[in-house]
Amino acid sequence: MKTTQFKNTSIAYADTGKGTAVVLLHGFLENQKMWEQYIAPFSKKNRVITIDLLGHGATESLGYVHSMEDNADAVHAVLAELRIRKAAFIGHSMGGYVALAFAELYPDFVKGLVLLNSTANADSEERKTNRDRAIKAVKQNYKGFVSLAIANLFSDNNRERLRVEIENVKTEALKTPLQAIVASLEGMKIRLDREVLLHLTPYPKLLILGQKDPVLEYEDTKKQIVNTDVALVTFPDGHMSHIENQEELTTVLLQFLKKI
């Protein structure tokens, strides 16, 4: 694990392998450990960069709101430290929002983009209200909120099958400080709609969705790629494709990286 400084904040990252750079961005309540099973296959032919986003893992919090733009600037600071000028980005959930913010702020750095269980659309008013409810809930019962939030990311039929894996995800999630959880919820709530990037950007793009995703309604989410060159891959499970569909996802992502 290495660190670099961004706005007097320590950003943790890891750098493995050689070749075209691939930046893996975790989701809300996750950290770069979520990518452990993917680093070995990816780093055979690529340089793999994993980063702890603001307030997650070993990266410090920046303030009371962690905007997607702040996270994108932190990612840029890591790439500048490593002298990487072009990379493919794979973002899970909130990591996808950060990847989109990065693509808007630093378009010349992007060679490819994968949104994994993520969306380019901004929060609806209902989702914003739910973020506010979540902020209240986590302040009232931190451990209960985190535990329930993680379990709810998996499809119903996987909660028993993946009981051990879910407990491991909860353990990692409980390392996220309360301030960082609130700051991320506030940041996701105010994020911009970036669907236009799916229509106008020239590099390869891939949207990966779970048909039973409890967070992103499948039919609604896939509407954003109508009349675009974005490829769609659908898995039959929930929001945690990297765990629920690990083998298939590895194959899909390796195929995507061959095009970069």
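Our structure is the block above this text.
Source: prediction; values computed, not measured. (Residues numbered from 1 in each chain as written. Predicted model: local features only at pLDDT ≥ 70, side-chain atom pairs only at ≥ 80, totals over all residues. Heavy atoms only, no water.)

Caption draft 1: Structural view of the sheet that holds strand β8 (residues 231–235). The strand order β1-β2-β4-β3-β5-β6-β7-β8 describes an open sheet built from 8 strands, whose pairing is mixed. With one partner strand each, in any of the chains shown, β1 (2–6) and β8 form the two edges of the open sheet. Looking at each pair of strands side by side, their axes are set apart by 20 degrees on average, direction ignored. Relative to β8, strand β7 (residues 205–210) is paired through 5 bridges, and the arrangement is parallel. Following the sheet pairing, Leu 209 is matched in β8 by Thr 234. Contacts from helix α2 (residues 68–82) reach β1, β2 (9–16), β3 (20–25), β4 (46–51) and β5 (87–92), with the element oriented near 120 degrees to β1. Sitting on the sheet, helix α3 (residues 94–105) touches β3, β5 and β6 (110–116), and the angle it makes with β5 is about 145 degrees. (Pairing = 2+ DSSP bridges. Helix = DSSP H or I, 4+ residues; strand = E, 2+ residues; numbered from the N terminus. Axes fitted to C-alpha atoms, helices over the stretch in contact; angles between N-to-C directions. Contact = heavy atoms within 4.5 Å.)

Caption draft 2: Seen up close, the environment of Ser 67. Along the polypeptide, Ser 67 turns up in the loop between β4 and α2. Relative accessible area serves as the criterion here: at 12%, Ser 67 is assigned to the buried category. Measuring from C-alpha to C-alpha, the distance between Ser 67 and Thr 9 comes to 15 Å, with 58 residues separating the pair along the chain. Within the local environment of Ser 67, its side chain forms a polar contact with the backbone nitrogen of Asp 70, the two atoms lying 2.9 Å apart. (Buried < 20%, exposed > 50% of the residue type's maximum accessible area, 1.4 Å probe, protein only. Polar contact = N/O pair within 3.5 Å; in protein donor to acceptor, adjacent residues only side chain to side chain.)

Caption draft 3: Structural context of a nonpolar patch on the surface. A contiguous nonpolar surface patch, about 360 Å² in accessible area, is contributed by Tyr 64, Val 65 and Ile 190. Positionally, Tyr 64 belongs in the loop between β4 and α2. Tyr 64 gets classed as exposed once you look at its relative accessible area, which sits at 71%. (Patch = residues over 30% accessible without salt bridge, like charges linked within 9 Å, V, L, I, M, F, W, Y side chains within 5 Å. Areas by Shrake-Rupley, 256 points an atom, 1.4 Å probe, with all protein chains shown as cover. Salt bridge = Lys/Arg side-chain N within 4 Å of Asp/Glu carboxyl O.)

Caption draft 4: View of the nonpolar core. Val 23, Leu 25, Ile 51, Val 75, Phe 89, Phe 102 and Ile 150 are the most contacted members of the largest nonpolar core, which has 62 residues in total. Among all residues touching Ile 150, those that are not within four sequence positions of it are Leu 29, Ile 166, Val 169, Lys 170 and Ala 173. Listed in part, the 21 residues of the second largest apolar core include Phe 42, Ala 88, Leu 206 and Phe 235. (Core = buried A, V, L, I, M, F, W, Y, C linked by side-chain atoms within 4.5 Å.)

Caption draft 5: The arrangement of the pairing of β3 in detail. Most of β3 sits inside the fold, with 5 of its 6 residues counted as buried. Pairing of β3 with β4, which is carried by 6 bridges, proceeds in the parallel orientation. Considered in β4, the bridge of Thr 20 is made with Asn 46. In this fold, β3 hands off to helix α1 (residues 36–42), which returns the chain to β4; that crossover is right-handed. (Right-handed = clockwise from strand over helix to strand, strands pointing away.)

Caption draft 6: Highlighting the packing of helix α5 (residues 142–151) against helix α6 (residues 163–173). Here α5 crosses α6 at 140 degrees, and the two axes come no closer than 9 Å. Looking at the two axes, α5 sits oblique to α6. The handedness of the crossing between α5 and α6 comes out as right-handed. Where α5 approaches α6, its residues Tyr 142, Val 146, Ser 147, Ile 150 and Ala 151 are matched on the opposing element by Ile 166, Val 169, Lys 170 and Ala 173. In terms of residue class, the contact of α5 with α6 is made up of 7 nonpolar, 1 polar and 1 charged. (Parallel < 35°, antiparallel > 145°, perpendicular 65-115°, else oblique. Left-handed = near helix turned anticlockwise from the far one by under 90°. Nonpolar A, V, L, I, M, F, W, Y, C, P; charged D, E, K, R; others polar.)

Caption draft 7: Representation of unusual backbone geometry within the structure. Phi is positive for Asn 8, close to 60 degrees, though the residue is something other than glycine. Mapped onto the fold, Asn 8 is located in the loop between β1 and β2. Taking relative accessible area as the criterion, Asn 8 reaches 76% and is therefore assigned exposed. With a phi angle near 55 degrees, Ser 93 is a residue other than glycine that sits in the positive phi range. As for its placement among the helices and strands, Ser 93 is situated in the loop between β5 and α3. You can call Ser 93 buried: its relative accessible area is 12%.

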